[in-house]
Amino acid sequence: MNLSRRMLTKEEEDAVGDEIEVRREDQDKINKFSRLHSHTLTLEDELKVKNKEKEELDDITTELELADEDDLVPYKIGDAFFHLPLPQAQELLGLSTAKIEEEIGELEDKMATIREEMTQLKVELYARFGKTINLET
């Protein structure tokens, strides 16, 4: 099924009419679109949190570059702080940064997949209902 995205012509809009019966499959698509939209909002919030964490880790990495090589650095693991040698703290920080970057990538991939699915649903629903439905998010 190859549906291209395009604007409806004035004639197509007029032909749609005001009284379109909502079939069960249409309602299922509308419900799915709504669930996907809610899920994207949740993922966007998660992504903001992860990006903030990454920014904080980048700031800490910059700060540690200024530290003396022989210093013990307080490093938080769970709820406790441990004093670690600078190289070990930098290594752990690098691992944490890599993990956060991977999680950010996964979230962005999920969001892209969901947005593609939402776009497909929009095309199908606008083709059926025209101006009588609003799926703008």
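Residues numbered from 1 in each chain as written. Predicted model: local features only at pLDDT ≥ 70, side-chain atom pairs only at ≥ 80, totals over all residues. Heavy atoms only, no water.

Trainee: Before we move on, could you go through the nonpolar core and cite the residues and values that matter?
Mentor: With 24 residues, the main nonpolar core has Leu64 and Ala89 as its most contacted residues. Counting residues per element, the ones that place at least two in this core are α2 (24–65), β1 (72–77) and α3 (86–129). Counting residues per element, this core draws most heavily on α3, which supplies twelve residues. (Core = buried A, V, L, I, M, F, W, Y, C linked by side-chain atoms within 4.5 Å. Buried < 20%, exposed > 50% of the residue type's maximum accessible area, 1.4 Å probe, protein only. Helix = DSSP H or I, 4+ residues; strand = E, 2+ residues; numbered from the N terminus.)

Trainee: Just give me the short version of the environment of Thr119, but keep the residues and values in it.
Mentor: Mapped onto the fold, Thr119 is located in helix α3. The sequence separation of Thr119 and Phe33 amounts to 86 residues, and the corresponding C-alpha distance is 9.1 Å.

Trainee: So, α3: which residues are in play, and what are the values?
Mentor: Since there are 3.6 residues in each turn of an α-helix, residues three or four apart along the chain are aligned in direction. When the terminal C-alpha atoms of α3 are compared, their 63 Å separation across 44 residues agrees well with the 64 Å that a helix rising 1.5 Å per residue should span. Gly130 lies just past α3 and shows a positive phi near 60 degrees. (Expected span 1.5 Å × (residues − 1).)

Trainee: Outline the UniProt feature "coiled-coil region" (unreviewed entry) in the protein, listing residues and values.
Mentor: With numbering aligned to this structure, UniProt lists the feature "coiled-coil region" (unreviewed entry) at residues 43–70 and 97–124. When the span residues 43–70 is considered, its composition is 82% helix and 0% strand, and the gap between its end C-alpha atoms is 41 Å. Secondary structure content for residues 97–124 is 100% helix and 0% strand, while the C-alpha to C-alpha distance between its ends is 41 Å. (UniProt positions renumbered as here; feature names shortened; annotations may be inferred.)

Trainee: So, the packing of α2 against α3: which residues are in play, and what are the values?
Mentor: Each pair of packed helices gets described by two things: the angle between the helix axes and the distance between those axes. Where α2 meets α3, the closest approach of the two axes is 8 Å, and the angle between their N-to-C directions is 160 degrees. One way to sum up the angle between α2 and α3 is to call them roughly antiparallel. Seen from above, α2 lies across α3 with left-handed handedness. Grouping the amino acids of the contact of α2 with α3 by side-chain chemistry returns 20 nonpolar, eight polar and 19 charged. (Axes fitted to C-alpha atoms, helices over the stretch in contact; angles between N-to-C directions. Parallel < 35°, antiparallel > 145°, perpendicular 65-115°, else oblique. Left-handed = near helix turned anticlockwise from the far one by under 90°. Nonpolar A, V, L, I, M, F, W, Y, C, P; charged D, E, K, R; others polar.)

Trainee: I'd like to hear about the packing of aromatic side chains, residue by residue, with values.
Mentor: By the definition in use, this model includes zero aromatic pairs. Lying over the aromatic face of Phe129, Arg128 brings its terminal NZ or CZ to 5.4 Å of the ring centre. (Phe/Tyr/Trp six-rings, centres within 6.5 Å; stacked < 30°, edge-to-face > 60°. Lys NZ or Arg CZ within 6 Å of the ring centre and 35° of its normal.)

Trainee: Let's hear about the pattern of salt bridges: which residues, and what values?
Mentor: A side chain of one charge can pair with a side chain of the opposite charge when the charged atoms of the two come close. For the structure on display, the rule yields 13 salt bridges. Of the charged contacts, one joins Lys29 and Glu124 as a salt bridge, the two residues approaching to 2.9 Å between their closest N and O atoms. Of this pair, Lys29 sits in helix α2 while Glu124 sits in helix α3, and the two are 95 residues apart along the sequence. When its relative accessible area of 23% is taken as the criterion, Lys29 is described as partly exposed. Residue Glu124 is classed as buried on the basis of its relative accessible area of 15%. (Salt bridge = Lys/Arg side-chain N within 4 Å of Asp/Glu carboxyl O.)

Trainee: So what's going on with the side chain of Asp26? Residues and values would help.
Mentor: Looking at the secondary structure, you find Asp26 in helix α2. Classification of Asp26 as buried rests on a relative accessible area of 2%. Here Arg128 takes part through its side chain, which lies 2.6 Å from a polar atom of the side chain of Asp26. Among all residues touching Asp26, those that are not within four sequence positions of it are Glu21, Leu125, Arg128 and Phe129. (Polar contact = N/O pair within 3.5 Å; in protein donor to acceptor, adjacent residues only side chain to side chain. Contact = heavy atoms within 4.5 Å.)

Trainee: So, the environment of Ile100: which residues are in play, and what are the values?
Mentor: Within the secondary structure, Ile100 sits in helix α3. As a C-alpha pair, Ile100 and Lys54 span 46 residues in sequence and 6.3 Å in three-dimensional space. Discounting chain neighbours no more than four positions away, the residues touching Ile100 are Lys50, Glu53, Lys54 and Leu57.

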